[in-house]
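An overview of the molecular structure
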Amino acid sequence: MGIRRWITDWLVGFLTEPLPGYERRGWNDTEALYRHIRKGDVVLVDGDSRISMMIKYLTQSSWSHSAFYIGDEMLRRGGELAEHASKAFGDEASQLLVEALPQGVVASPLSKYIDFNIRLVRPHRL
């Protein structure tokens, strides 16, 4: 591994490491979230890492991350995509988000952010 790659990996690790003292503003009702969320909704997240704090500061926003809710679309498409979703996420494969992370654009279960401050945004008349 080259020095450039090592520095990049170290920096990404440093910036994405959770910080102590993250403040939850309320508790998320998981059942209500699953009941009300719809495909196409945007999930805004108040992250707990250094990079999240930097993003919130620079954008003057309460939110540092966003993800797009796709629900069970990977399962509905069938084939390799459905097999991958089932294998990777099990029962949560019907409640998926698509998000951009340092490793690329990935699918993640909605439950990943249940312990963070989150908000649903539903685009209207786009």
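Scroll up to find the structure this text is about.
This text gives an overview of the structure that appears in the document. Keep in mind it's a predicted model, so treat the numbers as computed, not measured. (Residues numbered from 1 in each chain as written. Predicted model: local features only at pLDDT ≥ 70, side-chain atom pairs only at ≥ 80, totals over all residues. Heavy atoms only, no water.)

**Concerning the overall build of the chain**
- In terms of regular secondary structure, the chain is built from five helices and five strands.
- The order of helices and strands in the chain, counted from the N terminus, is α-α-β-α-β-α-α-β-β-β.
- Along the longest, intermediate and shortest principal axes, the C-alpha atoms of the chain span 45 × 40 × 30 Å.
- The proportion of buried residues among the 126 residues of the chain is 31%. (Helix = DSSP H or I, 4+ residues; strand = E, 2+ residues; numbered from the N terminus. Buried < 20%, exposed > 50% of the residue type's maximum accessible area, 1.4 Å probe, protein only.)

**Some points on the packing of aromatic side chains**
- Scanning the model with the defined rule gives three aromatic pairs in all.
- Ring centres of Trp10 and Phe14 lie 5.3 Å apart, and the angle between their planes is 10°; on these two criteria the pair is classed as stacked. Remark: Phe14 and Trp10 occur in helix 1 (residues 3-16); sequence separation between them is four residues, near one turn of the helix.
- Trp10 gets classed as partly exposed once you look at its relative accessible area, which sits at 47%.
- Plain terms: the ring middles of Tyr113 and Phe116 are 5.8 Å apart, the flat faces sit at 65° to each other, and that makes the pair edge-to-face.
- A relative accessible area of 17% means that Phe116 is categorised as buried.
- Cluster of aromatic residues (ring-pair linked, three or more members): Tyr22, Tyr113 and Phe116.
- A cation over a ring is seen here: Arg50 above Phe14, with NZ or CZ 4.0 Å from the ring centre. (Phe/Tyr/Trp six-rings, centres within 6.5 Å; stacked < 30°, edge-to-face > 60°. Lys NZ or Arg CZ within 6 Å of the ring centre and 35° of its normal.)

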